[in-house]
Amino acid sequence: MNKIEIPEDGTPVHLPNAKFRYFKHFFSVLEAQKLFTKLMDQTHWKQDPITVFGKTYPQPRLTALYAQTLTSYSYSGITMHPQPITPLLLSIQNKINTVSIEPYTTVLLNLYRNGKDSNGWHADNERELGLNPQIASLSFGAERYFHCKHKTQKDLRFKFILHSGSLLLMEGEMQHYWLHQLPKSAKINTPRINLTYRKLI
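Quick look at the structure, then. (Residues numbered from 1 in each chain as written. Predicted model: local features only at pLDDT ≥ 70, side-chain atom pairs only at ≥ 80, totals over all residues. Heavy atoms only, no water.)

Let's talk about the overall build of the chain
In step 1: Helix and strand counts for the chain come out as 3 helices and 17 strands.
In step 2: For 201 residues, the compact-globule formula gives about 17 Å, and the C-alpha radius of gyration of the chain, at 16 Å, lands near that figure.
In step 3: Oriented by its inertia axes, the alpha-carbon framework of the chain measures out at about 45 × 40 × 40 Å.
In step 4: Put simply, 74% of the contacts in the chain that link residues at least 6 apart link residues at least 24 apart.
In step 5: Each charge class in the chain can be summarised by its mean position, and for the 24 positive and 15 negative side chains these summaries are 6 Å apart. (Helix = DSSP H or I, 4+ residues; strand = E, 2+ residues; numbered from the N terminus. Rg over C-alpha atoms; globule rule 2.2 N^0.38 Å. Contact = heavy atoms within 4.5 Å. Lys, Arg positive; Asp, Glu negative; His and termini not counted. Charge placed at Lys NZ, Arg CZ, Asp CG, Glu CD.)

Here we look at the sheet that holds strand 10 (residues 106-112)
In step 1: If you trace the 8 strands from one edge of the open sheet to the other, you get 2-3-15-12-17-10-6-9, paired in mixed fashion. Each edge of the open sheet carries a strand with a single partner, namely strand 2 (13-15) and strand 9 (83-84).
In step 2: Summarising the sheet, strand 3 (residues 18-23) and strand 15 (residues 167-171) pair through 5 bridges and their orientation is antiparallel. Paired with Arg 21 across the bridge in strand 15 is Leu 169.
In step 3: Contacting strand 6 (62-67), strand 10, strand 12 (135-141), strand 15 and strand 17 (192-198), helix 2 (residues 87-96) runs over the sheet at an angle of about 65° to strand 17. (Pairing = 2+ DSSP bridges. Axes fitted to C-alpha atoms, helices over the stretch in contact; angles between N-to-C directions.)

A word on the pairing of strand 13 (residues 144-150)
In step 1: Most of strand 13 is tucked away, with 5 of its 7 residues classed as buried.
In step 2: Hairpin geometry of strand 13 and strand 14 (residues 157-162) is characterised by an intervening segment of 6 residues between the two adjacent antiparallel strands. (Buried < 20%, exposed > 50% of the residue type's maximum accessible area, 1.4 Å probe, protein only.)

As for the side chain of Arg 192
In step 1: Looking at where Arg 192 falls in the secondary structure, it is placed in strand 17.
In step 2: One buried charge, Arg 192, has no salt-bridge partner; the nearest side chain with opposite charge is Glu 143, at 9.9 Å.
In step 3: For Arg 192, the residues in contact, after removing those within four places along its chain, are Phe 36, Asn 110, Leu 111, Tyr 112, Ser 139, Phe 140, Gly 141, Ala 142, Arg 144, Leu 162 and Leu 182. (Salt bridge = Lys/Arg side-chain N within 4 Å of Asp/Glu carboxyl O.)

Comments concerning the packing of aromatic side chains
In step 1: This structure, assessed with the given rule, holds 11 aromatic pairs.
In step 2: Considering the side-chain rings of Tyr 22 and Phe 160, the 5.5 Å spacing of their centres and the 70° angle between planes classify their relative orientation as edge-to-face. Here Phe 160 lies in strand 14 and Tyr 22 lies in strand 3, a separation of 138 residues in the sequence. Judged on exposure class, the residue Tyr 22 and its partner Phe 160 are both buried.
In step 3: Through a chain of ring-to-ring contacts, the aromatic side chains of Phe 20, Tyr 22, Phe 146, Phe 158, Phe 160 and Trp 178 assemble into a single cluster. (Phe/Tyr/Trp six-rings, centres within 6.5 Å; stacked < 30°, edge-to-face > 60°.)

Some thoughts on the layout of surface pockets
In step 1: Approximately 540 Å³ is the volume attributed to the largest pocket.
In step 2: Lining the largest pocket are 32 residues, and of these Arg 61, Tyr 112, Asn 119, Gly 120 and His 122 sit closest to its centre.
In step 3: Listing elements by their share of the lining of the largest pocket, those giving two or more residues are strand 4 (49-52), strand 7 (73-75), strand 10, strand 11 (119-122), strand 15, strand 16 (178-182) and strand 17.
In step 4: A breakdown of the residues in the lining of the largest pocket according to their chemical character gives 15 nonpolar, 11 polar and 6 charged. (1 Å grid on protein atoms, 1.4 Å probe; cavity = no way out; pocket = protein on both sides within 12 Å on 5 of 7 lines; lining within 4 Å. Points joined across faces, edges and corners; volume = space filled by probe spheres on them. Nonpolar A, V, L, I, M, F, W, Y, C, P; charged D, E, K, R; others polar.)

Examining empty space enclosed by the protein
In step 1: A full pass over the atoms with the stated rule returns 1 cavity of 30 Å³ or more.
In step 2: Lining the largest cavity we find Lys 38, Leu 39, Gln 42, Thr 43, Tyr 66, Thr 86, Leu 88, Leu 89 and Leu 109.
In step 3: Sorting elements by how many residues they give to the lining of the largest cavity places helix 1 (residues 29-42) first, with 3 residues.
In step 4: Taken together, the residues that form the lining of the largest cavity break down as 5 nonpolar, 3 polar and 1 charged.

Side note on helix 2
In step 1: Residues of helix 2 that are buried: Leu 88, Leu 89, Ile 92, Gln 93 and Ile 96. Buried residues along helix 2 cover an arc of 135° about the axis, so they all sit on one side. The exposed set on the far side of helix 2, more than 90 degrees from its buried face, consists of Pro 87 and Asn 94.
In step 2: Next to the buried residues of helix 2 lie helix 1, strand 6, strand 10, strand 12, strand 15 and strand 17. (Arc of directions from axis to C-beta.)

What follows is the structure in structure tokens.
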């Protein structure tokens, strides 16, 4: 898997069957630190069990779901029922909407406590998200590598670092044709909070 040069100012990156934009400094260092602390303290984190290949074990991260609707969200055999979205999460969404016009309704939060926590290969393509969903992903805290690979063109794969305070917009057909993951890393011993805004139908 290779590193590729990713524009850090939100310039669109066009790939076969996908488009994404990366804003490295969407929030300043100070803003990112403050938001990390608030999100850590104000979020009702939980650890759901997940079943993979017939075996059930604790999900390797903590999660929470907040929304402007009552629509539940299901993935990997887990059904999450949202809590009412908070003023903090709405203020973050309003800033995202300065660069994305997607009418997000829901935000899934992930807490990766250290490098042992991870998220395996997947696409955000659940039925509730509709066709070709647009995903806004924010990172706060520890920097982690983000891996992507095309579902059928095996030579199309890359990775890059998600920095604290950054915004990644995954657009176009990316969730239909590409997979992504946040792998484990023995070098990481500090937490990362990830917010993924999406629209549920």
